[in-house]
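# Descriptive analysis of the structure
One letter stands for each residue in the lines below.
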Amino acid sequence: MILLIDAGNTRIKWRVVVVAAAEPLRALDEGALAHDGVAALAAVRSRHPGLRRAFGCNVAGAEVAAAIARACAGLALDWLRPSAACGGVRNLYEDPARLGADRWAALIGARRLHPHACLVVTAGTATTVDLLAADGDFLGGLILPGVELMQQALAQGTAQLPLAEGRFTPMPRRTVDAIRSGCLQAQAGAVERMFRQIAGEPQALCLLGGGAADSFAGLLEIPLRRVDNLVLSGLGALAAAHDGH
Ligand SMILES: Nc1ncnc2c1ncn2[C@@H]1O[C@H](COP(=O)(O)OP(=O)(O)OP(=O)(O)O)[C@@H](O)[C@H]1O
Ligand SMILES: CC(C)(CO)[C@@H](O)C(=O)NCCC(=O)O
Ligand SMILES: [K+]
């Protein structure tokens, strides 16, 4: 039994999985926590006394990593470090170690789900848009502010623009709708433009996940599959492999 942890910039997503020989991973329990709620992992552990190991990725900094390590005291805790190749994916980043560990895990999860050309999009605090070639090469990708960060940037950086609930509309005629629609079109536009680079490949597909995915999924006019928690499924695949099963 393994505790998988995806520590992002806003939330910490976790999942408890069972690894058994010749069987697919089975998820027993999962959830999400705020950074200041990490201590709740103790309750997760007491619900699953069979837990021995934890395997995670963290892009939220050393303090969050330390808090998770405290909550996981007594478990063998390993952090995923992006490398040049792993889980069927080759990392073509100039310095492979600089790639976000969450992006690396998501790419490995994506590769297992769809071993063809794909665009791996995670719409969280930041949005990442990563190109995975048919042969498993991670070719490179984009980092942009997530939907909420984009909206906040406008409110903070201008005198006249509010942080308010606008609605998407193709031709916005109110300030709040213009802001909301602008931020959603920016995300969708970046995704569609990146997809063009693989659109000609057989079975090319966009895999879209993250807390903000549903806010612009409907705008995308490309082959699309909504997926949740690619990061955790990538971590699970690696943990199962390292477990020798
Ligand atoms: N209920 C919701 N409705 C609409 N948007 C949401 C909702 N919950 C979250 N979001 C959006 O999701 C984004 C955060 O996504 P998510 O929860 O995946 O982020 P996260 O946990 O911080 O991930 P990471 O730090 O790994 O990027 C926010 O910017 C917000 O725009
Ligand atoms: C881009 C984020 C913030 C997305 O969570 C994370 O993957 C990260 O901090 N990455 C490090 C920089 C990089 O991936 O190039
Ligand atoms: K993200």
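Below or above, wherever it landed, is the structure these notes cover. None of these values were measured; they are calculated from a predicted model.

Once that is clear, we can look at the site of ligand 2. Close contacts around ligand 2 come from Asn9, Val59, Tyr93, Arg98, Leu99, Gly100, Asp102, Arg103, Thr128 and Ile143, and that covers them all. The contact in question runs from an oxygen atom of ligand 2 to an N or O atom on the side chain of Arg103, over 2.8 Å. Here ligand 2 has 380 Å² of accessible area as a free molecule, and 73% of this is covered by the chains.

Contact geometry for helix 4 (residues 147–157) and helix 5 (residues 175–195): axes closest at 9 Å, N-to-C directions at 135 degrees. Judged by the inter-axis angle, helix 4 sits oblique to helix 5. Pair helix 4 / helix 5 crosses with right-handed handedness. The segment helix 4 lies against helix 5, with Val147, Met150, Gln151 and Leu154 engaging Ile179, Arg180, Cys183, Leu184, Ala186 and Gln187.

Close contacts around ligand 1 come from Gly8, Asn9, Thr10, Arg11, Lys13, Ala123, Gly124, Thr125, Glu148, Gly210, Gly211 and Ala212, and that covers them all. Residue Thr10 places a side-chain N or O atom 2.9 Å away from an oxygen atom belonging to ligand 1. Lys13 is positioned with one of its side-chain polar atoms (N or O) 2.6 Å from an oxygen atom of ligand 1. Notes on ligand 1: free accessible area 630 Å², of which the protein chains cover 67%. Counted by class, the shell around ligand 1 contains two nonpolar, seven polar and three charged residues. Here the shell around ligand 1 gathers at least three residues from each of two domains, domain 1 (2–79) and domain 2 (85–230).

Calculation rules
Residues numbered from 1 in each chain as written. Chains lettered and ligands numbered in written order. Predicted model: local features only at pLDDT ≥ 70, side-chain atom pairs only at ≥ 80, totals over all residues. Heavy atoms only, no water. Near = heavy atom within 4 Å. Polar contact = N/O pair within 3.5 Å; in protein donor to acceptor, adjacent residues only side chain to side chain. Areas by Shrake-Rupley, 256 points an atom, 1.4 Å probe, with all protein chains shown as cover. Axes fitted to C-alpha atoms, helices over the stretch in contact; angles between N-to-C directions. Helix = DSSP H or I, 4+ residues; strand = E, 2+ residues; numbered from the N terminus. Parallel < 35°, antiparallel > 145°, perpendicular 65-115°, else oblique. Left-handed = near helix turned anticlockwise from the far one by under 90°. Contact = heavy atoms within 4.5 Å. Nonpolar A, V, L, I, M, F, W, Y, C, P; charged D, E, K, R; others polar. Domains from an automatic or database assignment.

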